[in-house]
Amino acid sequence: MWRLLIMISVLPMAAGLVLRWWFGLRVLQARGRALVRPEGGRWLEMAGEGGPEMEASEAGARLRTAALREWLANEPRAAKAREGARKFGVAVPPLAMVVAAMGVIAGRVPVGLALAAVLAAVALATVFGLLSLGAELRAVAVLAKRVRDARVFRRLDDEEAVIECAAAHAWNEAVPPVLRWLK
């Protein structure tokens, strides 16, 4: 029984890691180091602080943060649901590890069952994170459209790099921190 649970749990975790790498880390490695030059006043309106020149990864992170702030103001229920899924991914896997370790130490839980329970908790957190990611990506897309319409960047390549990095940061944060440690 616990072997089946381990095999079932590995699938969403592997999918989460592959998706994180493909849509998150790969994009950040390819486009994140590019230097972008936003228009000062327009950038301040959209994403807050920023220098005359910054890396696309940093600008994307600021754009994502601004999109999340705006999303929380406009759609608080959806934004709080996404934050709840993120907090679930932060809290449940370590708690499952502690409970499983105590059960094994006390001799009440077999090691295989404890491992299956921990992997199931991580898999569940991964599924919740990936299922709630679409709403966050829509919030980033809404602000990205406003950035495009306002012509915040002089060069189209800078604009695209920042928007791609903002979405990549969202993909990177979709998996629980336990899986983010794996690079």
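In the block above lies the structure referred to throughout.
The following paragraphs examine the structure supplied in this document.

Another point: the overall build of the protein chain. A tally of regular secondary structure across the protein chain gives 8 helices and 2 strands. Going from the N terminus to the C terminus, the protein chain shows its helices and strands as α-β-α-β-α-α-α-α-α-α. Projecting the C-alpha coordinates of the protein chain onto the three principal axes gives extents of approximately 65 × 35 × 20 Å. Looking at the protein chain residue by residue over its 183 residues, the buried ones come to 39%. For the protein chain, the centre of its 25 positive side-chain charges and the centre of its 17 negative side-chain charges are spaced 9 Å apart.

A few words now on the layout of surface pockets. To locate leftover empty space, one rolls a probe as large as a water molecule over the atoms. Estimated volume of the largest pocket: approximately 160 Å³. Lining the largest pocket, in full, are Arg 64, Leu 68, Arg 69, Trp 71, Leu 72, Ala 79, Arg 82, Glu 83, Arg 86 and Glu 136. For the lining of the largest pocket, the secondary structure elements donating two or more residues are helix H3 (56-74) and helix H4 (76-106). No other element matches the 5 residues that H3 contributes to the lining of the largest pocket. Partitioning the lining of the largest pocket into residue classes produces 4 nonpolar, no polar and 6 charged.

To continue, consider helix H1 (residues 2-31). With 30 residues, H1 should reach 44 Å at 1.5 Å per residue; the first-to-last C-alpha distance of 42 Å fits that figure. Along its length, H1 reaches its greatest deviation from straightness, about 40 degrees, at Trp 21. All of the buried residues in H1 are Ile 6, Ser 9, Met 13, Gly 16, Arg 20, Gly 24, Leu 25, Val 27 and Leu 28. Turning to H1, the residues buried within the fold contact H3, helix H5 (111-131), helix H7 (156-174) and helix H8 (177-180).

Take the packing of aromatic side chains next. As enumerated under the stated definition, the model contains 4 aromatic pairs in all. Here Arg 26 stacks its cationic end above the ring of Trp 22, 3.8 Å away from the centre of that ring.

The interhelical angle for the contact between helix H6 (residues 133-150) and H7, taken along N-to-C directions, is 165 degrees, at an axis separation of 10 Å. Between H6 and H7, the crossing angle belongs to the class labelled roughly antiparallel. Where H6 crosses over H7, the two elements pack in a sense that is right-handed. Across the interface between the two elements, Leu 133, Glu 136, Leu 137, Val 140, Ala 144, Val 147 and Arg 148 of H6 pack against Glu 159, Glu 160, Ile 163, Ala 166, Ala 167, Ala 170, Trp 171 and Ala 174 of H7.

Moving on, we come to the environment of Arg 148. Examined against the element boundaries, Arg 148 turns out to sit in helix H6. Arg 148 sits in the partly exposed class, given a relative accessible area of 33%. Separated by 12 residues in sequence, Arg 148 and Glu 160 place their C-alpha atoms 9.0 Å apart. Arg 148 has contacts with Glu 159, Glu 160 and Ile 163, leaving out every residue within four places of it along the chain.

Below, the discussion takes up empty space enclosed by the protein. Applying the stated criterion across every chain, the model contains 1 cavity of 30 Å³ or more. Within this model, the largest cavity holds a volume of roughly 60 Å³. Looking at the largest cavity, it is lined by 13 residues, and the ones nearest its centre are Ala 85, Arg 86, Gly 89, Glu 173 and Ala 174. Here the lining of the largest cavity gets 5 residues from one element, more than from any other, and that element is H4.

Calculation criteria
- Residues numbered from 1 in each chain as written.
- Predicted model: local features only at pLDDT ≥ 70, side-chain atom pairs only at ≥ 80, totals over all residues.
- Heavy atoms only, no water.
- Helix = DSSP H or I, 4+ residues; strand = E, 2+ residues; numbered from the N terminus.
- Buried < 20%, exposed > 50% of the residue type's maximum accessible area, 1.4 Å probe, protein only.
- Lys, Arg positive; Asp, Glu negative; His and termini not counted.
- Charge placed at Lys NZ, Arg CZ, Asp CG, Glu CD.
- 1 Å grid on protein atoms, 1.4 Å probe; cavity = no way out; pocket = protein on both sides within 12 Å on 5 of 7 lines; lining within 4 Å.
- Points joined across faces, edges and corners; volume = space filled by probe spheres on them.
- Nonpolar A, V, L, I, M, F, W, Y, C, P; charged D, E, K, R; others polar.
- Expected span 1.5 Å × (residues − 1).
- Bend = angle between axes of the 7 residues up to and from the residue.
- Contact = heavy atoms within 4.5 Å.
- Phe/Tyr/Trp six-rings, centres within 6.5 Å; stacked < 30°, edge-to-face > 60°.
- Lys NZ or Arg CZ within 6 Å of the ring centre and 35° of its normal.
- Axes fitted to C-alpha atoms, helices over the stretch in contact; angles between N-to-C directions.
- Parallel < 35°, antiparallel > 145°, perpendicular 65-115°, else oblique.
- Left-handed = near helix turned anticlockwise from the far one by under 90°.

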